[in-house]
Amino acid sequence: TEIGEDAFDQCPNLTTVNFSNNLVTIGPGAFGGCEKLTNVVLPESLVTIGDNAFNGCDNLQSIYCHATTPPKLGSNTIPTTINNIFVPNTYVEEYKTQWSSLAGKIVGYDFE
């Protein structure tokens, strides 16, 4: 249910992560500095993404977030260099409100 603090910090060959639907929390710095990480798929069950969880993942291009309620973001969680954050079509405006600093990156997506 939880990826702990700094769990995959600086993991040099990690390119993609896809979590099970039981994940609730991604801890602080969990994937910090994973420079080859390009895509992340977040489950519907996710509630919290800790500080700096994906900080330093400068090649991160896309996040697919299946959660219908936007997870709570810590500080410096997602790099501003990301291209797109795909969220369920029906919840785009809620994500843009809750994740306002990333609003321009949020795109509706049909996960069905």
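Here the residue numbering is sequential within each chain, running from 1 through the sequence in written order. Only residues with pLDDT of 70 or above have their local features reported here, since the model is predicted, and side-chain atom pairs are shown and tallied only from 80 upward, although totals for entire chains, interfaces and linings are computed over all residues. Side-chain descriptors were evaluated using all non-hydrogen atoms of the structure, hydrogens and water having been removed beforehand.

Observations regarding the overall build of the protein chain
Strands here are runs of E lasting at least two residues and helices are runs of H or I lasting at least four, both read from the DSSP assignment and numbered beginning at the N terminus. Each helix and strand in the protein chain was counted, giving one helix and nine strands. Its C-alpha atoms give the protein chain a radius of gyration of 13 Å, within 12% of the compact-globule value 13 Å for 112 residues. A principal-axis box enclosing the C-alpha atoms of the protein chain has dimensions of 35 × 30 × 25 Å. Counting all 112 residues of the protein chain, 38% fall into the buried class. Methods summary: accessible areas were calculated by the Shrake-Rupley approach with a probe of 1.4 Å, and residue burial reflects only the protein chains presented. Surface summary for the protein chain: the accessible area is close to 5,800 Å², and the carbon and sulfur share equals 42%. In summary, the charge assignment counts Lys and Arg as positive and Asp and Glu as negative, without counting His or the chain termini. Just so you know, the charge point we use is NZ for Lys, CZ for Arg, CG for Asp and CD for Glu. Of the side chains in the protein chain, 4 bear a positive and 12 a negative charge, and the two mean positions are spaced by 8 Å. Only C-alpha atoms enter the radius of gyration; for comparison, a globular chain is expected to reach 2.2 Å times N to the power 0.38, where N is the number of residues. To sort residues, take the accessible area from a 1.4 Å probe on protein chains only and compare it with the maximum for the residue type: under 20% means buried, over 50% means exposed, and anything in between is partly exposed.

Some details on the sheet that holds strand 5 (residues 48-49)
Pairs of strands are assigned from DSSP output, requiring at least two bridges between the strands. Read from one edge to the other, the open sheet built from four strands follows the order 1-3-5-7, with strand pairing classed as parallel. Single-partner strands in this sheet number two, and they are strand 1 (2-3) and strand 7 (72-73). One ladder, built from two bridges, connects strand 1 with strand 3 (residues 25-26); its direction is parallel. From the neighbouring strand, Glu2 faces strand 3, where its bridge partner is Thr25.

What to know about the sheet that holds strand 2 (residues 16-18)
Within the open sheet, the five strands sit side by side as 2-4-6-8-9. Their pairing is parallel. Of all the strands in the sheet, the pair left with one neighbour each is strand 2 and strand 9 (106-109). Ignoring which end each strand starts from, the neighbouring axes of this sheet average 15 degrees apart. Here three bridges tie strand 2 to strand 4 (residues 39-42), and the two strands are oriented parallel to one another. The residue of strand 4 that forms the bridge with Val17 is Val40. Between the N-to-C directions of two axes lies an angle of 0 to 180 degrees, each axis being a line fitted to C-alpha atoms and, for a helix, fitted only over the stretch in contact.

Things to note about the pairing of strand 4
Of the two faces of strand 4, only the one carrying Val40 and Leu42 is buried; Asn39 and Val41 on the other face are not. Of the pairings in the sheet, the one linking strand 4 to strand 6 (residues 62-65) comprises four bridges and is parallel in character. When the sheet's bridge partners are listed, Val41 is paired in strand 6 with Tyr64.

Points about unusual backbone geometry
Look at Asp6: it is not a glycine, yet its phi comes out positive at around 60 degrees. With respect to the helices, strands and loops of the structure, Asp6 is situated in the loop between strand 1 and strand 2. Among the residues examined, Asp6 registers a relative accessible area of 40% and is labelled partly exposed. With phi around 50 degrees, Asn76 is a residue other than glycine that occupies positive phi space. Mapped onto the elements of the fold, Asn76 is located in the loop between strand 7 and strand 8 (84-88).

Coordinates in, geometry out; function isn't part of it.
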